[in-house]
Amino acid sequence: MSRFFATGSDSESEESSSADEITPKATGTTFTKQVLLLSDDEEDTKRVVRSAKDKRFEELTNLIKTIRNAMKIRDMSKCLEEFEQLCRAFVKSKNIVDKEGVPKFYIRLLADLEDYLNQLWEDKEGKKKMNKNNAKALSTLRQKIRKYNRDYETEIANYKENPDQSAEEEEEKDEAESGSSSESDDEGAEEATAKSFLKKEPVPDASKFLKGAVDDESDSDDDEDDEDWGSDAVDSSSESIEGDGTSLAKAFLKKQEDGDRQPERKKEKRKPKQRLERTEEEEAEDLQDEEQGWEKVKGGVPLVKEKPKMFAKGTEINTAVVVKKLNEILQARGKKGTDRAAQIELLHALAAIAAENNLGEGILVKIKFNIIASLYDYNPNLAAFMKADMWKKCLDCIDELLDILFNNNNNIFIGENIAEDSENLAVSDQPFRVRGCILTLVERMDEEFTKIMQNTDPHSQEYVDNLKDEARVCAIIDRLLGYLEAKGSTEEVCRVYLRRIMHTYYKFDYKAHRRSLGLQGGESKSEQDQEESEGEDSAVIMDRLCKFIYAKDRTDRIRTCAILCHIYHHALHSRWYQARDLMLMSHLQDNIQHADPPVQILYNRTMVQLGICAFRQGMIKDAHNALLDIQSSGRAKELLGQGLLMRNMQERNAEQEKIEKRRQVPFHMHINLELLECVYLVSAMLLEIPYMAAHEFDARRRMISKQFHHQLRVGERQPLLGPPESMREHVVAASKAMKMGDWRTCHGFIINEKMNSKVWDLFPEAQRVREMLVRKIQEESLRTYLFTYSSVYDSISMEILSEMFELELPTVHSIISKMIINEELMASLDQPTQTVVMHRTEPTPLQNMALQLAEKLGGLVENNERVFDLKQGVYGGYFNRDQKGGYQQKQGYQRGGGYQQKQGYQRGGGYNNQNQSNY
C-alpha cells in the first residue's frame, strides 16, 4: 500500500514530503502506472464542478470586460469584434436567460455602449482623427447596437431611470450567486475528495482544489481561512494516525464545512453595515428635504436625483451674486462633456430664483436670452433639427421674453451694441440695459422651424402637427414686428418684415379671392362682415411690407427677396400685369446668376409661378417663355429646391449633398411638378403644332420646344399605341389629333376626368381655365387646318369653318385676317360671299423637289470648295471670292425670296404629293 494511507496526513508539509518519497521508489512498470495515474488525477483536480448558468454568465462578463477596455482606448474594431462574439454567446445562453431573465450587467453594457457610441458620433473632431477601420467600425457598430437594442427598450429605459438602483441589485444578486456557487463548489469538492481518496490521490492536488473552492472570497477571507486550515491540520493529523482512511475523509470534510461557515457569517455581518450606512444617509436627506419643504414619496416611484443647490445656505441673493452664478454656468457652455440638458435646467432654476427674490426684469431678460441660446446649442450639429420638447420650450421662452419686453416697454433697452460693462441689471431709477438681440433669436427660431419641416416625413401626421406651429411662429414674428417698429432700427425692421413676407408670399388668400369674385357662399351678411373684419388682405400686407423695404433697405439681398416674393404673390393671385411689370422693371434676370443659391431658388420659383399665371390668363406664348429655362434643363425638381437628383460622387460629394439638402424648400411650399410639366407641354403644343404645319417643307425649321419634340419622338417609337394613361401620353395624343385639325379629339385628350383630377382641378378657378383651354384648342386647330389643307381648296366659306370649329364668325374672320397679314396664308377674303379665296401660285410637287435638290447641291458645292481650299492653302476653283459671295447671295436670295413669296403653297404641293403617293 502507498504511504499516503499509512500516514493519512493532510498538512501541506507532509503532503510534499510524501509526494517526494513516492516518486523515487517507483521503478519499471510501477513508474509508468504512477505517472499515468498522476496525470489523470491532475485533470480531475483541475476541473471545477459549476452550473451551466455560472459558465455562461462568466463567459458574458469576460467579453463585457474586454469591450469596456476597448471603449477606454477607443478601439472601435475591437469593440465591434467583441460585440459580435457577445451576441453569439448570449444566443447560446438563451435557455438560461429564458429561466432567469436578462442579466442586469448585460442591459447595463447595452445602455452604456449605445450612449458611448452616440457621444463619439456627435464628436466630429474625434471622428476626423479616427483611422479608416475605426471609423467604419464605429458606423457599423452604431447601426447594430441601435437595431439590437430595440428588443430591450423597456429594460434599458428602466436601467436609465434608476442606474444606481439596478447596480445595487446586480451586486446583491452577484453576492447571492457567488454564495450559492461556493456552496455547490463545496459539495462538488466533497464528492471529488471522496473519490480522490479512493483513487489514491496525492494530497497536494486535493489541497489546491480546496483552495480553488474558496477563491471567490476576498483576500482577507483567504488569509483567515488559511490560518484556520493550519490549526485544523494538526488535529486531523493526530486523528488520522489512529483511524483509517475513511474516518480521515469524514474528518476532513467536516472541517471543510466548518471552514465554509465563517465567510457566510462575515457576509451576514457586512449587510447590516451597508444597511446602517444607507439609513443614516436617508435620514440626513430627509432632514434636508423637510427643511426645504420636500415630501418623501413612498416606494414604487423611481428615485429622483437631488438637484444641485444654486447657492449656499444663508447666502444673500442679489443681482451681483446671480450674475456671477450665471457666468459660472455659461463658462461650461460648449466644453466637451458638458450636460446641455442640465445646463438648461440650471438656467431655469436661476431664473426662478431671480423672479422669487424680485431682482427686476433686467436680470430676468438676460437669463432668458441665455436660456434660448442654450436651447439652440442643445444640438451641436448644425444640420440636426430640434426635438419636439426643446422646440416647445423655445417657443415658450421667446413668448415669455416678449411679454417682459412689452410689459416694460419704456424701462428696458436691449441691443447688440450695448457692451457688457455698460449693462444695467440692478433695480434703480435708470432703465435696464441688457446686451442681446431679440431679432437674432427669432430669426434662428424661424430657421429651426424650417429645419424641422425639412426633416419630417411630409406624408405623416407628425408633419401636419408640426405645421400647426407655423401660426405660433407667425404670431411671434408679428409681436416682434410691433416691438421693433416702435424701438428698432430701420435695418432691423427690414429684416423682420422680410421674415413676415417669407411666411405670407406662397399662401393663397381664399377669403380675398372669394370677396373679389363676390361669392356669398350661403353666408349671412353678419358672418361675411365678421370675416372681412378679421384682418386685412394678404395683398395689402405684402404691398405695405414690400414697399417699406424698397424704400428703406440698404442691402441688395433683402430687397431682391422682397421683390421676388411680391411677384410670386401677384402671380399666385392671377395679377398677371402687375407681376410682369414688376419683374421687367426690377431687371433681376440680368444679374440673378451672381446671387446666392437660396435667392436663385426663389427666383426660379417666381418664374415658374409667373408662367403658370400667364397660362391661366391665356397668355400661352408668355407662359412658354417663362417656363422654358426651367423645363428644358430637365432639373426642375432640383432648381426649385424640391429634391435632389441622383448624381455621381464626382459631381457632388457628401458635404455638398448635405449643404444642398439644407436649401430644400419644405413640402407645404412645393409647386406641383406634374402640373408644371403639363402646363409647359400644353403651351408648347399650342405653339408648336401650327408652326410645324406652316413649315412642313422648310429644311431650316427650328424647334420651339425640344422637350415637346422629344415626347413626340417617344410616342412615335412605341410599337403598340394604346389609349393614353399618363399626362405626357395624353398631350402627345392630343398633339397628333390637332395636327390633323381634329379639335374635338384633341379636346377629349386634354380635358377629361383623369386630367382634371391630376392637373386642372388644382387651379383655383378650374372651370375658367378649362374654358380658356377649349377656346385655344379651337383657334389653333383652325390655324393648323388651314395650313395643312389650304392646297386642297380653291375657296372655303367662313361659315363652314365657324361650324366645324364651333367658333363665332367674327373670331374666324379675325384669325384668317391675321394669317393673311402675316403672310402665313396666301389667300384673300371675299366680303360679299364671306369666303376665303386661295391663290394658286404654289409650285408643283416636281418644282418643290427641284428647289430642295438645288438647295442641297448648293450646300454640297460650298462644302467641296471649303475642303479643297484647306488642302491647297489658297482659294482655287471656278469662282473667286467675290463670285462665290455673289453666288451665295444669289442662292440665298432665290431660296429666301421664293420661300417668302410661295411659302404657303410649297406646303400645299407637298401635301398633294403626299396624297398622290398614299392613294
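Structure shown above.
Residues numbered from 1 in each chain as written. Predicted model: local features only at pLDDT ≥ 70, side-chain atom pairs only at ≥ 80, totals over all residues. Heavy atoms only, no water.

1. With respect to the environment of Glu-153
Point 1. With respect to the element layout, Glu-153 can be found in helix 10 (residues 153-161).
Point 2. With 46 residues separating them along the chain, Glu-153 and Ile-107 place their C-alpha atoms 9.7 Å apart. (Helix = DSSP H or I, 4+ residues; strand = E, 2+ residues; numbered from the N terminus.)

2. Considerations on the packing of aromatic side chains
Point 1. According to the stated counting rule, one finds 18 aromatic pairs in the structure shown.
Point 2. Measuring from ring centre to ring centre gives 4.8 Å for Phe-508 and Tyr-510, while their planes differ by 70°; the resulting arrangement is edge-to-face.
Point 3. Exposure remark for Phe-508: the relative accessible area of 18% places this residue in the buried category.
Point 4. The class for Tyr-510 is exposed, based on a relative accessible area of 55%.
Point 5. Centre to centre, the rings of Trp-760 and Phe-763 are 6.2 Å apart; their planes meet at 20°, and the pair counts as stacked. When sorted by exposure, Trp-760 lands in the same class as Phe-763, which is buried.
Point 6. Ring pairing ties together the aromatic residues Phe-83, Phe-90, Tyr-106, Tyr-148 and Tyr-152, which thus form one cluster.
Point 7. The ring of Trp-121 has Lys-127 lying over it, and the distance from NZ or CZ to the ring centre is 3.6 Å. (Phe/Tyr/Trp six-rings, centres within 6.5 Å; stacked < 30°, edge-to-face > 60°. Buried < 20%, exposed > 50% of the residue type's maximum accessible area, 1.4 Å probe, protein only. Lys NZ or Arg CZ within 6 Å of the ring centre and 35° of its normal.)

3. Comments concerning the pattern of salt bridges
Point 1. Applying the stated rule across the entire model yields 37 salt bridges.
Point 2. Asp-403 serves as the salt-bridge partner of Arg-479, at 2.5 Å between the closest nitrogen and oxygen. Linking Arg-479 in helix 21 (residues 469-487) with Asp-403 in helix 18 (residues 388-407), this pair joins segments that are 76 residues apart in sequence.
Point 3. You can call Asp-403 partly exposed: its relative accessible area is 33%.
Point 4. Asp-543 is the partner of Lys-547 in a salt bridge, and the nearest nitrogen-oxygen pair spans 3.2 Å. You can see Lys-547 and its partner Asp-543 sitting in helix 25 (residues 538-552), four residues apart, about one turn around the helix.
Point 5. Of the residues examined, Lys-547 reaches a relative accessible area of 48% and is grouped as partly exposed.
Point 6. A single salt-bridge network, built from bridges that share partners, covers Asp-396, Asp-399, Asp-403, Arg-472 and Arg-479. (Salt bridge = Lys/Arg side-chain N within 4 Å of Asp/Glu carboxyl O.)

4. A word on the sheet that holds strand 4 (residues 827-830)
Either a parallel or an antiparallel arrangement is found when strands of a sheet pair, and the pairing is made through backbone hydrogen bonds.
Point 1. Read from one edge to the other, the open sheet built from three strands follows the order 3-5-4, with strand pairing classed as antiparallel. Two strands in the sheet have a free side with no partner beyond their single neighbour: strand 3 (795-797) and strand 4. Direction aside, neighbouring strands of the sheet carry axes that sit 20° apart on average.
Point 2. For strand 4 and strand 5 (residues 835-838), the ladder comprises four bridges, and the chain directions are antiparallel. By the bridge assignment, Ala-827 is partnered in strand 5 with Met-838.
Point 3. Here helix 39 (residues 798-805) sits on the sheet and contacts strand 3, strand 4 and strand 5; the angle it forms with strand 3, its principal contact strand, is near 60°.
Point 4. Contacting strand 4 and strand 5, helix 40 (residues 809-821) runs over the sheet at an angle of about 145° to strand 4. (Pairing = 2+ DSSP bridges. Axes fitted to C-alpha atoms, helices over the stretch in contact; angles between N-to-C directions. Contact = heavy atoms within 4.5 Å.)

5. Notes on the side chain of Glu-660
Point 1. Examined against the element boundaries, Glu-660 turns out to sit in helix 32 (residues 654-662).
Point 2. What makes Glu-660 buried here is its relative accessible area of 18%.
Point 3. Setting aside anything within four residues of it in sequence, one finds Glu-660 in contact with Glu-638, Leu-644 and Arg-652.

6. Concerning the pairing of strand 2 (residues 432-435)
Point 1. Burial of the side chains of strand 2 is restricted to one face: Phe-432 and Val-434 are buried, whereas none of Arg-433 and Arg-435 on the reverse face is.
Point 2. In the sheet, strand 1 (residues 412-415) pairs with strand 2 via four bridges, with the strands oriented parallel. From the neighbouring strand, Ile-412 faces strand 2, where its bridge partner is Phe-432.

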